[in-house]
Amino acid sequence: MLVSWKWLNELVEIKKTPQEIANLLTMSGIEVEGITFGLADSANLKVGLLKEITKHPQADKLVICRVEIGIAEERTIVTGASNVKAGQKVPVALPGAVLVDGKQIERAVLRGVKSEGMLCSAVELGMDVEKIPAEQKKGIYILSDTVSVGDNVVEVLNLDDVILELELTPNRADCLGMLNIAREVAALTGGKLKLPLVKGSEEGHECAQMAQVDIEAKDLCKRYVARLIKDIRIAPSPLWLQQRLMAVGVRPINNVVDVTNYVMMEMGQPLHAFDYARLQGKKIVVRKARENEELVTLDAQLRKLYPDMLIIADAEKPVAIAGVMGGLETEVTTKTKTILLEAAFFHGASVRRTSRTLGLRSEASLRFEKGVDVEQVRLAADRAVQLLAEIGAGTPVEGCVDSYPGREERQPIKLRIEKVNQVLGTALTPETMEEKLKALHIKVVEKNKAGWLFLPPSYRRDLVYEVDLIEEIARLYDYDKIRTTLPEGVTTQAIRTAEQKLRQQIRKTMVAQGLLEVLNYSFINPQQLDFLGIPEEHALRDVVTIQNPLSEEQGVMRTTLLPGLLSTVQRNVNNRNKNLKFFELGQVYFAHGFPAKQKLPMEKWMLAAVSTGEKEKTWAYEAKKYDFYYLKGVLENLVERLGVTANDLCWEVVTDLPGFHPSRTALIKLKGKKIGILGEIHPWVLEKYEIEQRVSMLNIDVEKLGAEEREQKVFVAPLTKYPAVTRDLAIVVSEEVVAGAVAKLIKKEGGDWLSEVRLFDLYRGQQIQEGYKSLAFSLTWQAPHKTLTDEEVNNLHQKIEKALQKEFSADLRH
Amino acid sequence: MREQLGLLKEKAEKELSQCKRLDDLNAFRVKYMGKKGELTKILRGMGKLPAAERPVMGQLANKIRDSLENKIADLTEKLKKKEMEQSLLAESIDITLPGIGPELGRQHPLSLVIEEIEEIFLGMGFMIEEGPEIELDYYNFEALNIPKDHPAREMQDSFYLSPEVLLRTHTSPVQARTMEKMRPHLPVKIIVPGKVYRRDDDATHSPMFHQVEGLLIDQVVRFSDLKGVLLNFAQQMFGADQKIRLRPSFFPFTEPSAEVDISCVMCKGTGCRTCGQTGWLEVLGAGMVHPRVLEMGGYNPEEVSGFAFGMGVERIAMLKYGIDDLRLLFENDVRFLRQF
Ligand SMILES: [Zn+2]
């Protein structure tokens, strides 16, 4: 909502600056988003009359104008504009004038001809081209014939107005009219209101004989007022009216349209004018559209009407879409003799639905949507009729038709003095409260012990509950003046729940291991599941689909974190960052029968990590790959951190997991329960993502990890003071023998005191037969209660060796 | 004999003073005090002396031996130290070579900010509650006093999954869910961090973003308490000198409602580009829980009262870390992520 400072000053006495009023409004809940100051300079911008225009002798595109700028005062001005004609009045910037871009006008010589100023375009004068007639947008701005030569252009065009831009909250639709903003300013400053005097009409009389109003859809139209104006003379509006409209962002069109818009901006009530002669049966019917009805609207579009749309019809057919747009056939034209002026209350939600369906939103529909003041509908019609008469646009027909089936008695609101102070934490007196409410025209209707009864003005439809009045008091009292306290209730202990702690610990542990946390959108393109090669019936296809996505890119809720992480890798690799390790802790979503079953979809926390590239070689160490084993180590550390030993993890080969490498992928089990997967991404998938390096991925069900963690209690193992004995064990086994199985057997045979089995070398090549590999372990024994003898350790070592020979045909290396 | 000892002492001390290395010292010890050493020989020859002279000479010889031993010990110490110093010199390293510590990971700035907000409110006794992101229209709107056709629904253009189910547009539905779960227990004192979704995607809006909601319901909760709690939060989050400013506003689920500004973190309130020269930054919406919302949640508004607030995590992260482009938060560029 744009507010003209000049207009506001005519409605309320103001002794403050625009900035001060803006602050007051903002701090009382009507946010002023911006202030635009107009042109300050005025003395050197004058109305000039073009006396004569001649061609420039040296330049084809220039003309020389002889301009009268006062009594017997003329200037020669050269211009490049092509729209000027002798006899026109134009804005002239004389030397010394400062235009809106800060440019100062000076005398100049253009191609040998002296120029004593400049003719100005709308843009140069700081006018908003969106609000002026199309033909005025380009070239020199042509002034109305009615202005006087030598007059100040700034005043003539209202260029020095200050515009406040209001950002209104949905409850303050009443401030979509200047009058109510003036009332608000008066309440805040104590300034006197200077509201226009409107002569009210009476029901009936000639108007009622000439027109009939019939509201069929009483649920969608609370009130409909019709007034008639005859002897219509369509013409441009007077300058003051045009200026007002332009200042608040409305383009002047003609006197009738301008007056309806003026009253809308002034009172917040949209109006519509019909060509009375074209209304069949001289009748207005407010009803829902019928099947297959159509209407050609003002924009010359044929619109199909749907049965839930509220329309205005005459005796035969639709003539307007209520609150949204009028029909072309009943449009007011230069041939119109009599108009029927409509002021009505249409149901907001109905207007919103219709305007959305048709894609037609306007200042009028906006006001209906937010709700107009039903009590002032007739006053708005009367105001418009009075203005039309005042500017000589027509002659009012006496009387009006006022159909008001939706009349409701407004109930007063009870306010308890002690409740006000209890809610706010203040110690306001009843007098202060009453004073604040009175300033807002909220009247006391009764005072008794149980509470005072207040009646808000009709335009404040947002005031319903006691707390609404409390807010009004607090608002005018000033929120800033309310003291600051702390809650007095019982102090409570607050800690994270087990699940919250688990997620925090996972996050911290992943970060501690050097991974970067990322955050991807919860929605993905369903095509990403194709990229991963997920088969049709797979669980990951059980997606929840967004009905109205912004794009197909964000079409479904993710069932896996993989696509997001792969895209993250892709983007970073494209930026030439090739060594990456990320994790994401986030939710995935499964339909689980939604929407057929009356149940919300399932949401589930997952941890996914991705790694690619390597920790680069430095002067001190060799490069280390961010591969399968890197992520495996990360997971092992994580579960250790969560209180489970890495030995409890079980790794099973899985060859057919969609999206994963068939021979480099493992199913991870924790104490027999499947908790996730770790593997290399299938090269086909990487090709889809245009990633040209190997990528490994870990995907873990957080809840399953957590269930294990919660069962587990961490006991600190006692530190033994007896020495540890270490022995190396090197064997050669066939390639089919996996290291995990060897380690498992070593642990089994090594006895209770075998405290560590560490694989320190894996070797293939020279001296090892093809198809075989050498594994070297470092074994550590340590007993809690005694020093182990060499003999004891040697025996265990031999036992292990024998078992390895027997089980894996291991060749022992000494 | 005495003369012999005197000469020996003189000679030995002179030799000793010439020992420059530990090896020299060892040789010296062998020469004089070893099994066949010169001093040892003299001591052995003591038996040949007349009995009367023996104690005196013995004493003298022992004195010389002790004195030599002491000097050898001192010198050994000195030489050892010197030799070690020399060998350490040869071990010098280039201290300017880069360190080889483990790599640091980083938390995402949004998760950092959420965690910080959580810590502040945990400290004030607020539990952390969570709720579904895919939510019923009822909890997202109706239970918050936003009936169908309410103009406020337009402020939040929603992603729908079915006519009655949507991606929550704010964390506020968890207010309603928590009230239902906890009624009639008091106090209800929670914050709700989480993802929310709106159909907006431009330079300043992301279709997915994060909020933290707060709710306190108790026997008597006042607007002044809301001011106190939020001031406390702002000072812990942005610094002890922070001020807050409350402006009347509108939310369907609170009344009175307020927009909460904090003094600009960039200019400390003097006015700059970030705050549009006002010295204030809008970071929170808040208010007293609307009686209708309490009622729908199963509490009697005549017996309890409460406040609620909500803040955008992205906005706070951007202010806290001086991030000028919202999109950076969701692009996951390592060059960005490594800065936290
Ligand atoms: Zn600032």
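From a predicted model like this one, the values you see are computed outputs, not experimental measurements.

### Some details on the overall build of chain A
And step 1. Counting its secondary structure elements, chain A contains 21 helices and 40 strands.
And step 2. Since a compact globule built from 814 residues should have a radius of gyration of about 28 Å, the 41 Å found for chain A marks it as more spread out than a globular shape.
And step 3. With respect to the principal axes defined by its C-alpha atoms, chain A has extents near 125 × 90 × 60 Å.
And step 4. Counting every position in chain A, which comprises 814 residues, the buried fraction comes to 52%.

### A look at the sheet that holds strand β9 (residues 118–119) of chain A
Backbone hydrogen bonds are what pair the strands of a sheet, in a parallel or an antiparallel way.
And step 1. Strands sit in the order β5-β4-β3-β6-β9 (chain A) across an open sheet of five strands; the sheet is antiparallel. Both outer strands of the open sheet, β5 (73–79) and β9 of chain A, are each paired with one neighbouring strand and no more.

### With respect to the domain arrangement of chain B
And step 1. Domain assignment breaks chain B into domain 1 (2–90) and domain 2 (109–337).
And step 2. Put simply, the middle of domain 1 of chain B and the middle of domain 2 of chain B, counted by C-alpha atoms, are 89 Å apart.

### Describing the side chain of Q211 of chain B
All names here are of chain B.
And step 1. Counting through the fold element by element, Q211 comes out in strand β6 (residues 208–218).
And step 2. Here Q211 falls in the buried class, since its relative accessible area comes to 12%.
And step 3. Within polar-contact distance, the side chain of Q211 engages the backbone nitrogen of T171 at 2.9 Å.

### Some remarks on the nonpolar core
And step 1. If you look at the biggest cluster of nonpolar residues, it comprises 125 residues, and the most contacted ones within it are L566 and F582 of chain A together with F121 and F309 of chain B.
And step 2. The residues contacting L566 of chain A, other than those within four sequence positions of it, are L532, I681, V685, L686, Y689, I691, V695 and M697 of chain A.
And step 3. Counting residues in each nonpolar core, the second largest holds 96 residues, with L8, A22, L295 and L358 of chain A among its members.

### A few points about the environment of V644 of chain A
And step 1. Considering the arrangement of structural elements, one finds V644 of chain A in the loop between α17 (628–641) and β33 (649–653).
And step 2. Judged by relative accessible area, which is 2%, V644 of chain A ranks as buried.

### What about the interface of chain A and chain B?
And step 1. Facing the 93 residues of chain A at the interface are 91 residues of chain B.
And step 2. Approximately 7700 Å² of surface area, both sides summed, lies buried where chain A meets chain B, with 55% of it carried by carbon and sulfur atoms.
And step 3. Along the contact surface separating chain A from chain B lie nine salt bridges.
And step 4. At the boundary of chain A with chain B, the tally comes to 44 residue pairs in polar contact (both at pLDDT 80 or more).
And step 5. Of the residues in the side of chain A that touches chain B, the class split is 39 nonpolar, 29 polar and 25 charged.

### Digging into the coordination of the zinc ion
Tetrahedral coordination by four donors puts the ideal angle at the metal at 109.5 degrees, and octahedral coordination by six puts it at 90 or 180 degrees.
Residues and elements named next belong to chain B.
And step 1. Binding of the zinc ion to the protein goes through C264 (SG), C267 (SG), C272 (SG) and C275 (SG), at separations of 2.3 Å.
And step 2. Geometry at the zinc ion is tetrahedral, judged from its four donor atoms and the angles of 102 to 113° they form at the metal.
And step 3. Summarised as a motif, the one-chain spacing of the donors to the zinc ion is C-x2-C-x4-C-x2-C. This pair shows no difference in class: C264 is buried, exactly as C267 is.

### Observations regarding helix α16 (residues 562–574) of chain A
Residue and element names in this part refer to chain A.
And step 1. Relative to the 18 Å expected for 13 residues at 1.5 Å per residue, α16 spans 18 Å between its end C-alpha atoms, a close match to the ideal helical length.
And step 2. Across the 13 residues that make up α16, a large majority, eleven, are buried.
And step 3. All of the buried residues along α16 are L562, P563, G564, L565, L566, S567, T568, V569, Q570, N572 and V573.
And step 4. Backbone geometry just after α16 places R576 at a positive phi near 65°.

### Remarks on empty space enclosed by the protein
And step 1. Enumeration according to the criterion identifies three cavities of 30 Å³ or more in this entry.
And step 2. Space inside the largest cavity adds up to approximately 80 Å³.
And step 3. Those elements giving two or more residues to the lining of the largest cavity turn out to be α13 (466–477) of chain A together with β7 (244–251) of chain B.
And step 4. Class assignment of the residues belonging to the lining of the largest cavity gives a composition of three nonpolar, five polar and six charged.
And step 5. Its boundaries defined by the atoms lining it, the second largest cavity holds a volume of some 60 Å³.
And step 6. A per-element tally of the lining of the second largest cavity places helix α4 (residues 178–189) of chain A first, with four residues.
And step 7. The class makeup of the residues in the lining of the second largest cavity is four nonpolar, two polar and five charged.

Definitions and cut-offs
- Residues numbered from 1 in each chain as written.
- Chains lettered and ligands numbered in written order.
- Predicted model: local features only at pLDDT ≥ 70, side-chain atom pairs only at ≥ 80, totals over all residues.
- Heavy atoms only, no water.
- Helix = DSSP H or I, 4+ residues; strand = E, 2+ residues; numbered from the N terminus.
- Rg over C-alpha atoms; globule rule 2.2 N^0.38 Å.
- Buried < 20%, exposed > 50% of the residue type's maximum accessible area, 1.4 Å probe, protein only.
- Pairing = 2+ DSSP bridges.
- Domains from an automatic or database assignment.
- Polar contact = N/O pair within 3.5 Å; in protein donor to acceptor, adjacent residues only side chain to side chain.
- Core = buried A, V, L, I, M, F, W, Y, C linked by side-chain atoms within 4.5 Å.
- Contact = heavy atoms within 4.5 Å.
- Buried area = accessible area lost by both parts, 1.4 Å probe.
- Salt bridge = Lys/Arg side-chain N within 4 Å of Asp/Glu carboxyl O.
- Nonpolar A, V, L, I, M, F, W, Y, C, P; charged D, E, K, R; others polar.
- Donors = N, O, S within 2.8 Å, 3.2 Å for Na, K, Ca; no water.
- Tetrahedral: all angles 85-135°; square planar, octahedral: opposite > 155°, others 65-115°.
- Expected span 1.5 Å × (residues − 1).
- 1 Å grid on protein atoms, 1.4 Å probe; cavity = no way out; pocket = protein on both sides within 12 Å on 5 of 7 lines; lining within 4 Å.
- Points joined across faces, edges and corners; volume = space filled by probe spheres on them.

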